[in-house]
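Each chain is listed here by its residues.
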Amino acid sequence: MREYVRDEEGEEHRFRKGDCAVILPHGRRVGEALEMHEYWVGRIRDVRARDANDVWTLVQWYWAPHDLRALRSFDPALCSPYERVFSDTFDYVSTASFDGERLPFPCPIHSLPTATITLHKLNDGDVLQPHIPWDAFYTRYTYEHRARVLTPAPGAYSCLCNVPYAPLAAPLMHFCPRPTCRRFFHAPCLVAADCLDPDTDPNSRRRRLLFASPDDDAQEPAPVSAPARTRRRGRGGGGGGARRGKGRGKTRARAPSPDDALALTSLPPLLIQIASQPIVRGSAWRAGGLSGNLGAVVRARRVVYRALRGGDDGEGEEGEYALEGWETRIDVGSAVVDLQSEDTPSTRTRSAKRPKTAVHGGVQPFVCPQCQGAI
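First, a word on scope: everything that follows refers to the structure included in this document. All values derive from a computational prediction rather than experimental measurement. (Residues numbered from 1 in each chain as written. Predicted model: local features only at pLDDT ≥ 70, side-chain atom pairs only at ≥ 80, totals over all residues. Heavy atoms only, no water.)

**Regarding the overall build of the protein**
The condition that has to hold: Strands are runs of DSSP state E lasting at least two residues, helices are runs of H or I lasting at least four, and both sets are numbered from the N terminus onward. Residue burial is assigned from relative accessible area. The probe radius is 1.4 Å, only protein chains are included, and a residue is buried under 20% of its type maximum, exposed over 50%, and partly exposed in between. Whether two residues touch is decided by their heavy atoms; if any such pair falls within 4.5 Å, the residues are in contact. Where accessible areas are quoted, they stem from the Shrake-Rupley method and a 1.4 Å probe; at the residue level, only the protein chains shown are allowed to cover.
Along the backbone of the protein there are five helices and 13 strands. Here the protein, with 375 residues, has 50% of them falling under the buried criterion. Residue pairs in contact within the protein that sit at least 24 positions apart in sequence constitute 67% of those at least 6 positions apart. Here the protein has roughly 18,100 Å² of accessible surface; of this, 50% comes from carbon and sulfur atoms.

Pasting the structure below:
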């Protein structure tokens, strides 16, 4: 259901079930100067109208972190001002409380002012995590108000210290993409756990990062039957192929082996550069956005693996991980790590200064504390 409401100046505003919208906090007025993160956020579950100027919406609320400050297991200080927590609380809200005038974008369909927004999902278990800008609303928790239950438990899947990701205050976090790991680790925690990578050769480290498959736990992948020379259409038979899937427990072709070094030279250099990046996130690297380069690097590695096997995975020339047009499916701008242009105190670990072993634009080389693979 979609409703269009005409305001006092005669402009129409769109409201549709399922949209997320920003709503004026209690006591604030339309047009009043507010920072974007000060707005309340809700998802429209129903729209009811007496007439074109008297429209009400049933809103399911996303709570601001400070609304949960009484919850012992939750620390609002570890959240960005744009973080919201999905709740099971509802209210009827007049569309007069939706402030479309303050938003920096029009309705993408009708070119009308709108109060609807995109609310992103931050999910540490999603190896295809979409890019999240620093100034965008996002959510990672769900709160049951009456039961006082927050899921997932903060820090349950994060680091050795079990402290959740704090986007604005945390040091850089490194991610191990292997299926049995898939966890972010704080750089200081990796230093304390003696997880610095003893292999300080930049070329060797890039190769080992490239081999860190999000779909295979093998540290030294098995050689492929033959390097790719042509890409075939349609479904291939037997051995090298793997079923299509997004990587959550589904099988894919293994990562390339050292025998593929010659074939790698035929692939786009930028693609190889992205696929060989460490997967990181944090305020130390602003260009990576709040979510870092996880999704971009995983996609790049899968494109490389597929290309080295001739694309024989049933996806055809137009598949999700096809070599052709790869740059249109990967966020290139937030993939390559460079801390050297962002030299702030937050880029350093407890060792005070970056060690001489730092590679990849100033990022320290670590190994995963669980599988000992390069991260």
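Here the narrative resumes.
**Some thoughts on unusual backbone geometry**
Put simply, T151 and P152 share a cis peptide bond, and its omega is -10 degrees. You can see P152 is positioned in the loop between β10 (149-151) and β11 (173-176). Non-glycine residue C159 carries a positive phi angle of around 60 degrees. Relative to the helices and strands, C159 is located in the loop between β10 and β11. If you check the backbone angles, R182 has positive phi at about 45 degrees while not being a glycine.

**As for the environment of P188**
Among the secondary structure elements, P188 is positioned in helix α1 (residues 187-192). Since its relative accessible area comes to 9%, P188 is described here as buried. Here the alpha-carbon distance between P188 and L172, two residues 16 residues apart in the chain, equals 8.5 Å.

**Quick look at the state of the cysteines**
Chemically, a disulfide is nothing more than a covalent bond linking the sulfur atoms of two cysteines. The line we're drawing: Only a pair of cysteine sulfur atoms within 2.5 Å qualifies as a disulfide here.
In this structure the tally under the stated criterion is zero disulfides. Its sulfur unpaired, C176 is 3.6 Å from the next cysteine sulfur, which belongs to C371. The structure places no disulfide on C181, whose sulfur is separated from the nearest cysteine sulfur, that of C371, by 3.7 Å. Exposure remark for C181: the relative accessible area of 10% places this residue in the buried category.

**Focus on the sheet that holds β11**
Rules: The criterion for strand pairing is that DSSP finds at least two bridges linking the strands in question.
Across the sheet, which stays open at both edges, the three strands sit in the order β12-β11-β13 with antiparallel pairing between neighbours. Each edge of the open sheet is held by one strand with a lone partner, namely β12 (183-186) and β13 (280-281). Relative to β13, β11 runs antiparallel, the two being bridged by two bridges. From the neighbouring strand, H174 faces β13, where its bridge partner is V280.

**Details of the nonpolar core**
Selection rule: Buried Ala, Val, Leu, Ile, Met, Phe, Trp, Tyr and Cys residues form a nonpolar core when they are joined through side-chain atoms within 4.5 Å.
By size, the foremost hydrophobic cluster in this structure holds 35 residues, and its most contacted members are L264, L267, L271, L290, V304 and I330. Counting only elements with at least two residues in this core, the list comes to β11, α3 (261-264), α4 (269-275) and α5 (294-308). Top element by residues in this core is α5. It accounts for 10 residues. Among all residues touching L290, those that are not within four sequence positions of it are S80, L122, I132, P133, W134, Y138, Y165, P167 and R281. Among the nonpolar cores identified, the runner-up in size contains 32 residues, and V22, V41, W61 and C79 belong to it.

**Here we look at the pairing of strand β9 (residues 138-144)**
With five of its seven residues buried, β9 lies for the most part within the structure. Across four bridges, strand β6 (residues 83-94) lies against β9 in parallel orientation. Bridged to S87 within β9 is Y143. In the sheet, β9 pairs with β10 via three bridges, with the strands oriented antiparallel. Pairing of E144 across the sheet is with V149, part of β10. Hairpin connection of β9 to β10: four residues between the antiparallel strands, including R148 at a positive phi of 55 degrees.

**Quick word on the packing of aromatic side chains**
The cut-off we apply is this: Two aromatic rings, drawn from Phe, Tyr or Trp (for Trp, its six-membered ring), form a pair once their centres lie within 6.5 Å of each other, and the interplanar angle then sorts them: stacked below 30 degrees, edge-to-face above 60, tilted otherwise. Whether a charge sits over a ring depends on NZ of Lys or CZ of Arg being within 6 Å of the ring centre and within 35 degrees of the ring normal.
For the structure shown, the criterion picks out six aromatic pairs. A centroid spacing of 4.8 Å and a plane angle of 40 degrees characterise the contact between Y62 and F86, whose relative ring orientation is tilted. Separated by 24 residues along the polypeptide, Y62 in strand β5 (residues 54-63) and F86 in strand β6 bring together distant segments of the chain. For the pair shown, Y62 and F86 are each scored as buried. Geometry around Y165 places R281 over its ring, the cationic atom sitting 3.9 Å from the centre.

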